[in-house]
Amino acid sequence: MLQLPAPAKLNLFLRILGRRADGYHELQTLFQLLDYGDTLTFSLCEAGKIRVDAGALKIPLEDNLVYRAARLLREQSLNHNRKVPGAYIRLIKHLPHGGGIGGGSSDAATTLLGLNHLWQCGLSIDALAELGRQLGADIPVFVRGRTAWAEGVGEKLTPVATLKRHYLVVSPGCQVRTANIFCDPRLTRDSPPITLAALREKLRSEKALSEEKRQIFPGNDCQTLVEHLYPEVRDARVWLEQFAPAQLTGTGGCVFAAFHTACAASTVFAQLPGKWRGFIASGVPVSPVHQVLAKLTSSE
Ligand SMILES: C[C@@](CO)(OP(=O)(O)O)[C@H](O)COP(=O)(O)OP(=O)(O)OC[C@H]1O[C@@H](n2ccc(N)nc2=O)[C@H](O)[C@@H]1O
Ligand SMILES: Nc1ncnc2c1ncn2[C@@H]1O[C@H](COP(=O)(O)OP(=O)(O)O)[C@@H](O)[C@H]1O
């Protein structure tokens, strides 16, 4: 049996530059990986079977990104004349879904990485990231497993060293469908592009500031629209802003704030109104799933 984490991400900023002919949007974002997420366990079972126990996640099997990722990897292997065994996958869900923290995408990435290991498919990270991209724009960053600056539809990734931060993430309980936000004519989709050099310069200058003056990168082009459609998202952000600058992640509905210590984040978390859920996590440069897989590989 193989047990692996599926970490959440935050979009420390999200700029939408325009819409492509295929309807997808060109964006620029900073994906911050976290040390908190779902857990998946993988065991071998009879050939040809993919069984998924999704626990509390009540969605049809065919829609579950874990199942879809496993099926895609099996098809890919069969196309290369490699028969694979079956898999029994158990998903222990901690992350709220439809939260803009990439839970489903991360589950899919961990499935690709985990089954590639268990089934000994031998696919490279590039090949797995490409398979992930076919399932969702957010999946490649989790497959590659590095906190990264992203362009294109989110698949052109450059690892970036971010400031060490502890995050309080608040879920106001609404599930936002990403497609609905991108379809809405009111969405801001004409932000001017920034350059990776400018981002790196900003990170350098933030580093030089004293601790109290450092801020998260402001701006998420989805925030105004999402808060208009889901007033509870605005309520959660305004509540969080009593303590620190706060903003939306991805297309929401979670909002987050950055703190210099885990203790400062915990103090605010303790005051979270009972109607909302949340969690505390630290930003990490390398995904926890890659850390576990690297240990496994080195001990084999
Ligand atoms: C925009 C982000 C930022 O992180 O939002 P969140 O999902 O995290 O909230 C993601 O890249 C989302 O990635 P993901 O959730 O995997 O998106 P997909 O399943 O590929 O696409 C869902 C729908 O969103 C729209 N979409 C998605 C990504 C993109 N760059 N442009 C789009 O227009 C498309 O209409 C697509 O049908
Ligand atoms: N394993 C999964 N976990 C969560 N959501 C999933 C999963 N598989 C498919 N989904 C679908 O993907 C949608 C987006 O989920 P998620 O990735 O958690 O949110 P977001 O894209 O906002 O970060 C959910 O509303 C759900 O219908």
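Fair warning: this is a prediction, and the values are worked out from it, not measured in the lab.

## Observations regarding the overall build of the chain
And step 1. For the chain, the count of helices and strands is 10 helices and 10 strands.
And step 2. For 300 residues, the compact-globule formula gives about 19 Å, and the C-alpha radius of gyration of the chain, at 19 Å, lands near that figure.
And step 3. A principal-axis box enclosing the C-alpha atoms of the chain has dimensions of 55 × 45 × 35 Å.
And step 4. Looking at the chain as a whole, 42% of its 300 residues qualify as buried.
And step 5. Contacts in the chain between residues far apart in sequence, at least 24 positions, make up 74% of those at least 6 positions apart.

## Topic: the nonpolar core
And step 1. Of all hydrophobic cores here, the largest spans 70 residues; its most connected members are V66, A70, L112, Y167 and V169.
And step 2. Broken down by element, this core gets its largest block of residues, eight residues, from strand β1 (residues 2-19).
And step 3. A domain-level breakdown of this core finds at least three residues from each of domain 1 (2-159 + 286-299) and domain 2 (166-284).

## Examining the packing of helix α2 (residues 103-118) against helix α3 (residues 125-135)
And step 1. Where α2 contacts α3, the axes come no closer than 10 Å and their chain directions differ by 145°. Here the hand of the crossing between α2 and α3 comes out right-handed. On α3, the residues that touch A108, A109, L112, L113 and N116 of α2 are L128, L131, G132 and L135.
And step 2. A breakdown of the residues in the contact of α2 with α3 according to their chemical character gives seven nonpolar, two polar and no charged.

## Observations regarding helix α8 (residues 231-240)
And step 1. Taken as a whole, α8 has its buried residues at V233, A236, R237 and L240. Axial view of α8: buried residues confined to an arc of 95°, hence all on one face. Exposed positions of α8 whose direction lies more than 90 degrees from the buried face are P231 and V238.

## Regarding the UniProt feature "domain: GHMP kinase C-terminal" (unreviewed entry) in the chain
And step 1. Within this structure's numbering, the places UniProt gives as "domain: GHMP kinase C-terminal" (unreviewed entry) are residues 222-275.
And step 2. End-to-end, the C-alpha atoms of residues 222-275 are 24 Å apart, and along that stretch the chain is 46% helix and 15% strand.

## Considering the site of ligand 1
And step 1. Within the structure, ligand 1 sits among 20 residues, and H25, G136, D138, G250 and T251 are positioned closest to it.
And step 2. Sorting the residues of the shell around ligand 1 by element identifies β1, β2 (25-45) and α5 (178-183) as the ones contributing at least two each.
And step 3. Across the shell around ligand 1, the residue classes break down as seven nonpolar, 12 polar and one charged.
And step 4. Taken together, domain 1 (2-159 + 286-299) and domain 2 (166-284) each give at least three residues to the shell around ligand 1, which thus spans both.

## Quick word on unusual backbone geometry
And step 1. Cis geometry is found at the peptide bond from G252 to G253, where omega equals 0°.
And step 2. In this model, N81 sits at a positive phi of 60°, which is unusual for a non-glycine residue.
And step 3. Within the secondary structure layout, N81 lies in the loop between α1 (65-79) and β4 (86-92).
And step 4. The exposed category is assigned to N81, around which 6 C-beta atoms lie within 10 Å.
And step 5. In the Ramachandran plot, Q120 falls in the positive-phi region, its phi being about 55° despite a non-glycine side chain.
And step 6. Mapped onto the secondary structure, Q120 falls in the loop between α2 and α3.
And step 7. The exposure class of Q120 is exposed, given the 11 C-beta atoms found within 10 Å.

## Some words on the packing of α1 against α3
And step 1. Between α1 and α3, the least distance of the axes is 10 Å, while the angle of their chain directions is 130°. Here α3 runs oblique to α1, going by the angle between their axes. Crossing geometry of α1 relative to α3 is assigned as right-handed. Across the interface between the two elements, L65, R68, A69, L72, L73 and Q76 from α1 touch L131, Q134 and L135 from α3.
And step 2. Of the residues contributing to the contact of α1 with α3, the split by class is six nonpolar, two polar and one charged.

Definitions and limits used
Residues numbered from 1 in each chain as written. Chains lettered and ligands numbered in written order. Predicted model: local features only at pLDDT ≥ 70, side-chain atom pairs only at ≥ 80, totals over all residues. Helix = DSSP H or I, 4+ residues; strand = E, 2+ residues; numbered from the N terminus. Rg over C-alpha atoms; globule rule 2.2 N^0.38 Å. Buried ≥ 20, exposed ≤ 12 C-beta atoms within 10 Å, placed from the backbone. Contact = placed C-beta atoms within 7 Å. Core = buried A, V, L, I, M, F, W, Y, C linked by C-beta atoms within 7 Å. Domains from an automatic or database assignment. Axes fitted to C-alpha atoms, helices over the stretch in contact; angles between N-to-C directions. Left-handed = near helix turned anticlockwise from the far one by under 90°. Nonpolar A, V, L, I, M, F, W, Y, C, P; charged D, E, K, R; others polar. Arc of directions from axis to C-beta. UniProt positions renumbered as here; feature names shortened; annotations may be inferred. Near = placed C-beta within 6 Å. Parallel < 35°, antiparallel > 145°, perpendicular 65-115°, else oblique.

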